[in-house]
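Examining the three-dimensional arrangement
Each chain is listed here by its residues.
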Amino acid sequence: MAENNNPFEGTDLNIPPQIKNLLGNVKGIAIAVAAFILVFASFYTVEPEEVGVVQRFGEYQRTAEPGLNFKIPFVETTRIVPVERQLKQEFGYRTVQSGVQTTYTKAGYVDESLMLTGDLNLANVQWVVQYRVSDPYNYLFKVRNPDNTLRDLSEAVTRQIVGDRTVNEVLTVGRAEIASEVKVLLQEMTREYSLGIEIAQVVLQDINPPESVKQAFNAVNEAQQERET
(Lines give C-alpha, C1' and ligand atoms only; values in the text may rest on other atoms or scores of the structure.)
Protein backbone atom coordinates (compact mmCIF):
# COMPACT_ATOMS: atom_id res chain seq x y z
CA MET A 1 0.00 0.00 0.00
CA ALA A 2 1.39 3.37 -1.07
CA GLU A 3 2.36 5.80 1.62
CA ASN A 4 0.55 9.21 1.62
CA ASN A 5 3.19 11.95 1.57
CA ASN A 6 0.75 14.91 1.64
CA PRO A 7 0.20 15.91 5.28
CA PHE A 8 -2.72 18.23 4.35
CA GLU A 9 -4.67 15.71 2.31
CA GLY A 10 -7.95 14.86 3.90
CA THR A 11 -7.71 17.75 6.38
CA ASP A 12 -10.32 20.45 6.53
CA LEU A 13 -8.62 23.87 6.59
CA ASN A 14 -10.95 26.02 8.59
CA ILE A 15 -10.25 29.56 7.23
CA PRO A 16 -11.87 32.21 9.41
CA PRO A 17 -14.56 34.31 7.69
CA GLN A 18 -12.56 37.49 8.29
CA ILE A 19 -9.64 36.10 6.27
CA LYS A 20 -11.99 34.99 3.50
CA ASN A 21 -13.52 38.47 3.34
CA LEU A 22 -10.06 40.06 3.30
CA LEU A 23 -8.93 37.81 0.43
CA GLY A 24 -12.11 38.64 -1.44
CA ASN A 25 -11.55 42.37 -0.96
CA VAL A 26 -7.94 42.12 -2.13
CA LYS A 27 -9.06 40.24 -5.23
CA GLY A 28 -11.75 42.83 -5.94
CA ILE A 29 -9.27 45.69 -5.51
CA ALA A 30 -6.77 43.98 -7.85
CA ILE A 31 -9.47 43.55 -10.52
CA ALA A 32 -10.54 47.19 -10.13
CA VAL A 33 -6.95 48.44 -10.43
CA ALA A 34 -6.35 46.27 -13.51
CA ALA A 35 -9.56 47.57 -15.10
CA PHE A 36 -8.56 51.18 -14.33
CA ILE A 37 -5.11 50.69 -15.89
CA LEU A 38 -6.71 49.07 -18.93
CA VAL A 39 -9.14 51.96 -19.42
CA PHE A 40 -6.45 54.56 -18.73
CA ALA A 41 -4.17 52.97 -21.34
CA SER A 42 -6.97 52.75 -23.92
CA PHE A 43 -7.94 56.43 -24.20
CA TYR A 44 -5.86 59.50 -24.91
CA THR A 45 -6.46 63.13 -25.81
CA VAL A 46 -5.11 64.97 -28.84
CA GLU A 47 -4.90 68.76 -28.48
CA PRO A 48 -6.44 71.09 -31.13
CA GLU A 49 -3.07 71.97 -32.70
CA GLU A 50 -1.95 68.34 -32.94
CA VAL A 51 -2.71 64.96 -34.49
CA GLY A 52 -1.90 61.52 -33.16
CA VAL A 53 -0.13 58.97 -35.34
CA VAL A 54 -1.13 55.47 -34.19
CA GLN A 55 1.29 52.56 -34.67
CA ARG A 56 0.68 48.87 -34.03
CA PHE A 57 3.91 47.05 -33.26
CA GLY A 58 5.72 49.91 -35.00
CA GLU A 59 3.62 49.85 -38.17
CA TYR A 60 1.52 52.88 -39.13
CA GLN A 61 -2.22 52.31 -38.70
CA ARG A 62 -4.08 55.62 -38.74
CA THR A 63 -4.00 59.31 -37.87
CA ALA A 64 -6.10 60.43 -34.91
CA GLU A 65 -7.78 63.83 -35.05
CA PRO A 66 -7.99 66.26 -32.10
CA GLY A 67 -10.19 65.12 -29.22
CA LEU A 68 -10.63 61.93 -27.19
CA ASN A 69 -9.38 58.85 -29.04
CA PHE A 70 -9.16 55.10 -28.45
CA LYS A 71 -6.25 52.72 -28.98
CA ILE A 72 -5.69 49.05 -28.22
CA PRO A 73 -3.76 49.06 -24.92
CA PHE A 74 -0.24 47.58 -24.87
CA VAL A 75 -0.54 46.85 -28.62
CA GLU A 76 -0.87 50.29 -30.20
CA THR A 77 1.21 53.38 -29.44
CA THR A 78 0.53 57.01 -30.33
CA ARG A 79 3.00 59.72 -31.34
CA ILE A 80 1.73 63.28 -31.06
CA VAL A 81 2.72 65.63 -33.90
CA PRO A 82 2.08 69.43 -33.80
CA VAL A 83 0.60 70.26 -37.22
CA GLU A 84 -0.85 73.72 -36.58
CA ARG A 85 1.93 75.04 -34.38
CA GLN A 86 4.59 77.20 -36.00
CA LEU A 87 8.07 75.89 -35.31
CA LYS A 88 11.37 77.63 -35.91
CA GLN A 89 15.08 77.01 -36.26
CA GLU A 90 17.65 79.70 -35.46
CA PHE A 91 21.03 80.01 -37.16
CA GLY A 92 23.99 81.97 -35.85
CA TYR A 93 22.31 82.58 -32.50
CA ARG A 94 19.92 80.98 -30.00
CA THR A 95 17.11 82.38 -27.91
CA VAL A 96 18.06 82.06 -24.26
CA GLN A 97 14.84 83.41 -22.78
CA SER A 98 11.72 84.56 -24.60
CA GLY A 99 9.25 87.09 -23.27
CA VAL A 100 8.93 90.83 -22.92
CA GLN A 101 12.70 91.16 -22.75
CA THR A 102 13.94 88.36 -25.00
CA THR A 103 17.61 87.53 -24.62
CA TYR A 104 19.86 85.86 -27.18
CA THR A 105 23.32 84.38 -27.32
CA LYS A 106 25.72 84.14 -30.28
CA ALA A 107 28.52 82.33 -28.47
CA GLY A 108 29.43 79.03 -30.10
CA TYR A 109 27.35 79.53 -33.26
CA VAL A 110 29.73 81.53 -35.45
CA ASP A 111 30.58 78.52 -37.62
CA GLU A 112 27.03 78.20 -38.94
CA SER A 113 26.63 81.94 -39.62
CA LEU A 114 30.01 82.80 -41.21
CA MET A 115 29.65 82.70 -45.02
CA LEU A 116 31.67 83.49 -48.11
CA THR A 117 30.03 85.89 -50.57
CA GLY A 118 30.36 85.85 -54.34
CA ASP A 119 33.10 88.49 -54.33
CA LEU A 120 35.16 86.44 -51.84
CA ASN A 121 34.30 88.46 -48.76
CA LEU A 122 33.08 87.13 -45.43
CA ALA A 123 29.71 87.96 -43.91
CA ASN A 124 28.19 86.93 -40.60
CA VAL A 125 24.61 85.99 -41.50
CA GLN A 126 22.06 85.20 -38.79
CA TRP A 127 18.64 83.97 -39.88
CA VAL A 128 15.58 82.06 -38.75
CA VAL A 129 13.42 79.50 -40.59
CA GLN A 130 9.77 79.27 -39.54
CA TYR A 131 7.89 76.12 -40.55
CA ARG A 132 5.14 73.68 -39.63
CA VAL A 133 4.51 69.97 -40.11
CA SER A 134 2.23 69.53 -43.15
CA ASP A 135 2.35 65.73 -43.51
CA PRO A 136 2.70 63.80 -40.22
CA TYR A 137 3.28 60.46 -41.97
CA ASN A 138 6.22 61.76 -44.05
CA TYR A 139 7.55 63.71 -41.06
CA LEU A 140 7.75 60.57 -38.90
CA PHE A 141 8.54 57.79 -41.35
CA LYS A 142 10.21 59.09 -44.53
CA VAL A 143 13.35 60.60 -42.99
CA ARG A 144 15.13 59.47 -39.85
CA ASN A 145 15.45 62.94 -38.31
CA PRO A 146 13.52 65.56 -40.31
CA ASP A 147 14.39 68.50 -38.04
CA ASN A 148 18.13 67.89 -38.33
CA THR A 149 17.73 67.35 -42.09
CA LEU A 150 15.88 70.65 -42.37
CA ARG A 151 18.68 72.39 -40.48
CA ASP A 152 21.32 70.97 -42.81
CA LEU A 153 19.28 71.91 -45.88
CA SER A 154 18.68 75.44 -44.56
CA GLU A 155 22.36 76.05 -44.01
CA ALA A 156 23.32 74.62 -47.42
CA VAL A 157 20.68 76.63 -49.30
CA THR A 158 21.50 79.90 -47.51
CA ARG A 159 25.22 79.48 -48.21
CA GLN A 160 24.45 78.83 -51.87
CA ILE A 161 22.28 81.94 -52.25
CA VAL A 162 24.67 84.18 -50.31
CA GLY A 163 27.58 82.81 -52.36
CA ASP A 164 25.94 84.20 -55.51
CA ARG A 165 25.81 87.78 -54.18
CA THR A 166 28.35 90.48 -53.43
CA VAL A 167 28.99 91.42 -49.83
CA ASN A 168 27.30 94.80 -50.34
CA GLU A 169 24.14 93.11 -51.62
CA VAL A 170 24.13 90.74 -48.67
CA LEU A 171 24.61 93.52 -46.14
CA THR A 172 22.24 96.08 -47.67
CA VAL A 173 19.74 96.01 -50.54
CA GLY A 174 19.68 92.27 -51.27
CA ARG A 175 18.46 90.99 -47.91
CA ALA A 176 14.76 90.63 -48.76
CA GLU A 177 15.48 88.99 -52.10
CA ILE A 178 17.94 86.57 -50.51
CA ALA A 179 15.38 85.54 -47.88
CA SER A 180 12.75 84.99 -50.58
CA GLU A 181 15.08 82.86 -52.71
CA VAL A 182 16.12 80.79 -49.70
CA LYS A 183 12.47 80.09 -48.85
CA VAL A 184 11.58 78.98 -52.38
CA LEU A 185 14.61 76.72 -52.83
CA LEU A 186 14.33 75.30 -49.32
CA GLN A 187 10.68 74.41 -49.88
CA GLU A 188 11.56 72.63 -53.12
CA MET A 189 14.19 70.55 -51.35
CA THR A 190 11.95 69.63 -48.41
CA ARG A 191 9.37 68.32 -50.87
CA GLU A 192 12.03 66.44 -52.81
CA TYR A 193 13.21 64.77 -49.59
CA SER A 194 9.58 64.14 -48.43
CA LEU A 195 10.15 65.78 -45.07
CA GLY A 196 6.47 66.57 -44.56
CA ILE A 197 7.37 70.19 -43.74
CA GLU A 198 5.94 73.45 -45.09
CA ILE A 199 8.21 76.51 -44.95
CA ALA A 200 6.27 79.51 -43.67
CA GLN A 201 8.97 82.19 -43.69
CA VAL A 202 12.70 82.80 -43.83
CA VAL A 203 13.90 85.94 -42.06
CA LEU A 204 17.44 87.34 -42.16
CA GLN A 205 17.80 88.64 -38.62
CA ASP A 206 21.21 90.28 -38.58
CA ILE A 207 23.98 90.52 -41.17
CA ASN A 208 27.36 92.01 -40.36
CA PRO A 209 30.96 91.68 -41.45
CA PRO A 210 33.11 89.49 -39.16
CA GLU A 211 34.29 91.17 -35.97
CA SER A 212 37.91 91.01 -37.11
CA VAL A 213 37.23 93.24 -40.16
CA LYS A 214 34.13 95.10 -38.98
CA GLN A 215 35.99 98.30 -38.14
CA ALA A 216 37.77 98.40 -41.51
CA PHE A 217 34.51 97.64 -43.34
CA ASN A 218 32.71 100.48 -41.57
CA ALA A 219 35.56 102.83 -42.43
CA VAL A 220 35.26 101.91 -46.12
CA ASN A 221 31.51 102.51 -46.05
CA GLU A 222 31.96 105.90 -44.39
CA ALA A 223 34.53 106.84 -47.00
CA GLN A 224 32.17 105.87 -49.82
CA GLN A 225 29.34 107.87 -48.27
CA GLU A 226 31.59 110.94 -47.92
CA ARG A 227 32.66 110.59 -51.54
CA GLU A 228 29.06 110.43 -52.71
CA THR A 229 28.21 113.44 -50.57
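Below you will find a few notes about this structure. (Residues numbered from 1 in each chain as written. Predicted model: local features only at pLDDT ≥ 70, side-chain atom pairs only at ≥ 80, totals over all residues. Heavy atoms only, no water.)

Details of the overall build of the protein
- Looking only at helices and strands, one finds seven helices and 11 strands in the protein.
- Buried positions account for 33% of the 229 residues belonging to the protein.
- Relative to all contacts within the protein whose residues are 6 or more apart in sequence, the contacts with residues 24 or more apart total 65%.
- Accessible area for the protein stands at about 15100 Å²; split by element, carbon and sulfur atoms hold 53% of it. (Helix = DSSP H or I, 4+ residues; strand = E, 2+ residues; numbered from the N terminus. Buried < 20%, exposed > 50% of the residue type's maximum accessible area, 1.4 Å probe, protein only. Contact = heavy atoms within 4.5 Å. Areas by Shrake-Rupley, 256 points an atom, 1.4 Å probe, with all protein chains shown as cover.)

So, the nonpolar core
- Judged by nonpolar contacts, the single largest core of 35 residues is most densely connected at Val 81, Val 125, Trp 127 and Ile 199.
- Going through the elements one at a time, strand S2 (50-56), strand S6 (87-91), strand S10 (122-133), helix H3 (136-141), helix H4 (146-162), helix H5 (167-171), helix H6 (175-192) and strand S11 (197-208) are the ones with two or more residues in this core.
- For this core, the element with the highest residue contribution is S10, accounting for six residues.
- Leaving out residues up to four positions away in the same chain, Val 125 has contacts with Phe 91, Ser 113, Met 115, Val 170, Leu 204, Asp 206 and Ile 207. (Core = buried A, V, L, I, M, F, W, Y, C linked by side-chain atoms within 4.5 Å.)

Side note on the packing of aromatic side chains
- All told, the structure shown has six aromatic pairs when counted by the stated rule.
- Residues Phe 43 and Phe 70 carry aromatic rings whose centres are separated by 5.5 Å and whose planes lie at 65° to one another, so their mutual orientation is edge-to-face. Of this pair, Phe 43 sits in strand S1 (residues 43-46) while Phe 70 sits in strand S4 (residues 67-70), and the two are 27 residues apart along the sequence.
- The partly exposed category is assigned to Phe 70, whose relative accessible area is 45%. (Phe/Tyr/Trp six-rings, centres within 6.5 Å; stacked < 30°, edge-to-face > 60°.)

Notes on unusual backbone geometry
- Phi at Phe 57 takes a positive value of approximately 55°, unusual for a residue other than glycine.
- In this fold, Phe 57 is placed in the loop between S2 and strand S3 (59-64).
- Phi is positive for Phe 74, close to 65°, though the residue is something other than glycine.
- Along the polypeptide, Phe 74 turns up in the loop between S4 and strand S5 (76-82).

Some thoughts on the pattern of salt bridges
- What the rule picks out here adds up to 12 salt bridges.
- Salt-bridge contacts for Asp 206 lead to Lys 106; the nearest nitrogen and oxygen are separated by 3.7 Å. On the criterion of sequence distance, the pair formed by Asp 206 in strand S11 and Lys 106 in the loop between strand S8 (103-105) and helix H2 (110-113) is long-range, its members being 100 residues apart.
- A salt bridge links Glu 181 to Arg 165, with the nearest nitrogen and oxygen atoms 2.8 Å apart. One end of the pair, Glu 181, is in helix H6; the other, Arg 165, is in the loop between H4 and H5, and 16 residues separate them in sequence.
- Sharing partners across several salt bridges, the network here consists of Glu 49, Glu 50 and Arg 85. (Salt bridge = Lys/Arg side-chain N within 4 Å of Asp/Glu carboxyl O.)

Looking at H4
- In this model, H4 (17 residues) spans 24 Å end to end at C-alpha, consistent with the 24 Å of a helix rising 1.5 Å per residue.
- Residues of H4 that are buried: Pro 146, Thr 149, Leu 150, Leu 153, Ser 154, Val 157, Thr 158, Ile 161 and Val 162. (Expected span 1.5 Å × (residues − 1).)

What about the packing of H4 against H6?
- The contact between H4 and H6 brings their axes to 9 Å, and the two run at 135°. Accordingly, the angle class assigned to the pair H4 and H6 is oblique. Remark: the crossing between H4 and H6 carries right-handed chirality. Where H4 approaches H6, its residues Leu 150, Leu 153, Ser 154, Val 157, Thr 158, Gln 160, Ile 161 and Val 162 are matched on the opposing element by Ile 178, Glu 181, Val 182, Leu 185, Leu 186, Met 189 and Thr 190.
- Taken together, the residues that form the contact of H4 with H6 break down as 10 nonpolar, four polar and one charged. (Axes fitted to C-alpha atoms, helices over the stretch in contact; angles between N-to-C directions. Parallel < 35°, antiparallel > 145°, perpendicular 65-115°, else oblique. Left-handed = near helix turned anticlockwise from the far one by under 90°. Nonpolar A, V, L, I, M, F, W, Y, C, P; charged D, E, K, R; others polar.)

Worth remembering: the numbers are spatial, not functional.
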